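# Architecture and fold: a report
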Amino acid sequence: MALPSFAEVRSAYRPSEATLLARDGRPLHSLRVDMQVRRLAWTPLADISPALLRAVIAAEDKRFMEHGGVDWLAAGSAAWNNLRGSRTRGASTLTMQLAGLIEEDGQRRGQRSFFAKIGQSTAALRLERSWSKGRIVEAYLNLVAFRGELQGVAAMSRSLFGKWPHGLDDRESAIAAVLLRAPNVPPETVARRACSLLTELQRADECRGLEAFTFQALNNNLRDLRPEAPQLAPHLARKLLAEPGRDRRSSLDADLQAFARDALRRHLSALSRQNAEDGAVLVIDNASGEILAWVGSSGDLSGAAEVDGATALRQAGSTLKPFLYAQAFERRLLTPASLIDDAPLSLDTGNGLYTPQNYDPEYRGWVSARHALAGSLNVPAVKTLVRVGANAFQDRLKAHGFASLKEDGDWYGYSLALGSADISLLMLANAYRTLANGGRWTPLRAVPARDATVPPCRQGGCEGVFAGQPRAVDTPAAAFLVADILADRAARAGTFGLESWLTTPYWSAVKTGTSKDMRDNWCAGFSRRYTVAVWVGNASGSPMHDVSGISGAAPVWREVMDRLQRAGTASSTAPTAPPAVVGRDIRFEPAVEAARREWFLKGTEMGVIRAARADTLARITYPTDGTVIALDPDIPPDRQRIPLRLSAPAQRGWQWQIDGKVLARASNPASWLPQPGRHQLSLHDARGKMLDSVDFEIRAMRGKARQTSR
């Protein structure tokens, strides 16, 4: 069998690390992916200490420079000693050992049988005819095992002595050389043999203190070998790097990645007293979908730095509201000027009353959809969800890439409007990018667009982000209306003030969110060219102290967005309205908001906006569609009543109907004496028009049979 050339051996060599590269080819992160052995990059002969070369040749093959691959004199001496029954050191030359190291049949490596020695001797003779002595010793020192998992001179030198091979001195070289024959003997044995070798090399003075030095070096074995590449993207590296020694180019911008990491760490340091120690940042190019920055944690500020905050699932908070309003606009259920009553609300659910409250305990009364969304008001959002329907909204969120929503809309209930579902920052960022792109969803890329490889997703939270067909989720008109609202400083002023971290001197659309008990806060937004999303919280899930989206995630979002703008590659102007959108000067009667210029879908424009009619807001909230109600057999039937509830006050002349028959004048709440069977409850206005209906079932349960005595 033909032996490989030196070039082939070196080409086949693979360090146990792989390196993630930035889009311009600069190293971003090195990651060990081969856990069987510990190898660093190949070390050329010129970068190996002459002291080590002398020690290895003296310990393993004294006549290396003289023989042609087999040391016949040493072989004869070894054979004679074997015949006499004496212990022998062996006669394997460095060339013979190298032949065994590069032998293709891994099962035969290290064998000491007679036939194995014959094979190695033959291969060694052939190697010496085609390889120089320098290449033989260079390949040997890169392939040989030294101690434990350490293979090759670079891993040995860095691990045991904390230096590169060119810096090894006589004492360190002697220790390394004696490890070749017995890699795992105790430190005291290594020190004794190293001292003997030093004496042989006329360096006996180096034996002073050698045992303590050897003990320290060998106990440092398996120390963390610091990679040469800056460690900037550990979480993405774990997703993209799979093959030892293979460098992979990513879509990340090295300078932006470092800036985003530093901005996150700097701000979290300022929040340390408020129990906020972790976070994540993503930056995406809107047009290509390439991820330009992926910061998965705060590093050593975090108690769980290995957890990737970009893919971990957390409660969404108010960050889902823009998608709800976009759906309502698209279905023409609302316009940005539509008035919604921000007032106390209680909705019946299968588990009791649901009573949403605003982050600010105050209620605003009648507010426009524009001010409700920009100010992140909760009650108007829930009322909007009642109109859109939880299942329809859940379907829309799934289309936006929120693959973590595994249950149907009824399972999440009305709280879905306020972000009760668990999502990842990666999903959120691409969903906001979809709004930036006029409602068109496309998958993200973690590698440059010229590389069509889809990156593997080895952690939860990536589903529906890196793969999928491009699709229109929102209409361009609905996406434009939402983006315009999220960019409206005046509309958000009632909640956030005119000057906040969200107010940029260039055009940007942005939304914050805070989950229950301040466990997570978010800030996601976009300019014409980039989408930036930030999560701040704790990997453990512990709540923060008085940290909301505006004070936690928003400052980091602003710093990163400002940096992108300073780079001069982002437009500062607002997007142009699509053809299906028209502008109109409006005023409110009564003047609950100031007159302004407003955008509308064509056909929905109005000049005068009056408080919304109740029939635009009222929906049956109990019983809900599909409800099954069981009658209690131990309660007299005439004492059991079913409450009938609406999401808004009933108007004059409205009626409840059961199975097409008038039940009573509508009031909120009303009640009905139930009858077993399937029923339809409907709500009708004064002219008989059906405003809403639900189907439900009443079941009569059997009571326990009474026992009688005879």
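Source: prediction; values computed, not measured.

### A short note on the sheet that holds strand 28 (residues 677-684)
Ordered by their spatial adjacency, five strands build an open sheet running 23-29-28-25-26, and the pairing between neighbours is mixed. Looking along the sheet, the strands with just one partner apiece sit at the ends: strand 23 (628-631) and strand 26 (661-665). Across the sheet, the mean angle separating the axes of adjacent strands is 30° when strand polarity is ignored. Note that strand 28 and strand 29 (residues 690-700) share eight bridges and pair antiparallel. Opposite His679, over in strand 29, you have Phe696 as the bridge partner.

### Describing the nonpolar core
Counting residues in hydrophobic clusters, the biggest one holds 90 residues, and the most contacted among them are Ile291, Trp294, Phe323, Tyr325, Phe393, Phe402 and Leu426. Those residues within four positions of Trp294 in sequence are excluded, and the remaining contacts are His235, Leu236, Lys239, Leu252, Gln257, Val281, Leu282, Asp308, Ala310, Thr311, Leu426 and Phe466. Residues Leu94, Leu98, Ala177 and Cys207 belong to the second largest nonpolar core, which totals 55 residues.

### A short note on the sheet that holds strand 22 (residues 620-622)
Pairing in this open sheet of three strands is antiparallel, and the strands run 22-24-27 from one edge to the other. Bordering the open sheet on either side are strand 22 and strand 27 (670-672), each of which pairs with just one other strand. Averaged over all neighbouring strand pairs, the angle between strand axes comes to 35°, with direction disregarded. Two strands pair when backbone bridges link them, and strand 24 (residues 642-646) and strand 27 are joined in this way by three bridges, in the antiparallel orientation. By the bridge assignment, Pro643 is partnered in strand 27 with Ser671.

### A closer look at the pattern of salt bridges
In this structure the tally under the stated criterion is 35 salt bridges. Residues Arg519 and Asp517 are paired through a salt bridge, measuring 3.8 Å at the closest nitrogen-oxygen approach. Each of Arg370, Asp484, Asp488, Glu593, Arg596 and Glu598 takes part in a single network of salt bridges with overlapping partners.

### A closer look at helix 10 (residues 210-219)
Looking only at helix 10, the buried set comprises Leu210, Thr214, Ala217 and Leu218. One side of helix 10 carries all its buried residues, which in axial view fall inside an arc of 90°. Of the exposed residues in helix 10, those oriented more than 90 degrees away from the buried face are Ala212 and Gln216.

### Looking at unusual backbone geometry
With an omega dihedral of -5°, the bond running from Glu589 to Pro590 counts as a cis peptide bond. Following the sequence through the fold, Pro590 ends up in the loop between strand 19 (581-589) and strand 20 (596-601). The residue Asn275 is not glycine, and still its phi comes out positive at about 55°. Relative to the elements of secondary structure, Asn275 occurs in the loop between helix 12 (254-270) and strand 6 (278-285). Phi at Met518 is positive, roughly 55°, even though this residue is not glycine. Mapped onto the fold, Met518 is located in the loop between strand 16 (509-514) and strand 17 (520-526).

Conventions adopted
- Residues numbered from 1 in each chain as written.
- Predicted model: local features only at pLDDT ≥ 70, side-chain atom pairs only at ≥ 80, totals over all residues.
- Heavy atoms only, no water.
- Pairing = 2+ DSSP bridges.
- Helix = DSSP H or I, 4+ residues; strand = E, 2+ residues; numbered from the N terminus.
- Axes fitted to C-alpha atoms, helices over the stretch in contact; angles between N-to-C directions.
- Core = buried A, V, L, I, M, F, W, Y, C linked by side-chain atoms within 4.5 Å.
- Buried < 20%, exposed > 50% of the residue type's maximum accessible area, 1.4 Å probe, protein only.
- Contact = heavy atoms within 4.5 Å.
- Salt bridge = Lys/Arg side-chain N within 4 Å of Asp/Glu carboxyl O.
- Arc of directions from axis to C-beta.

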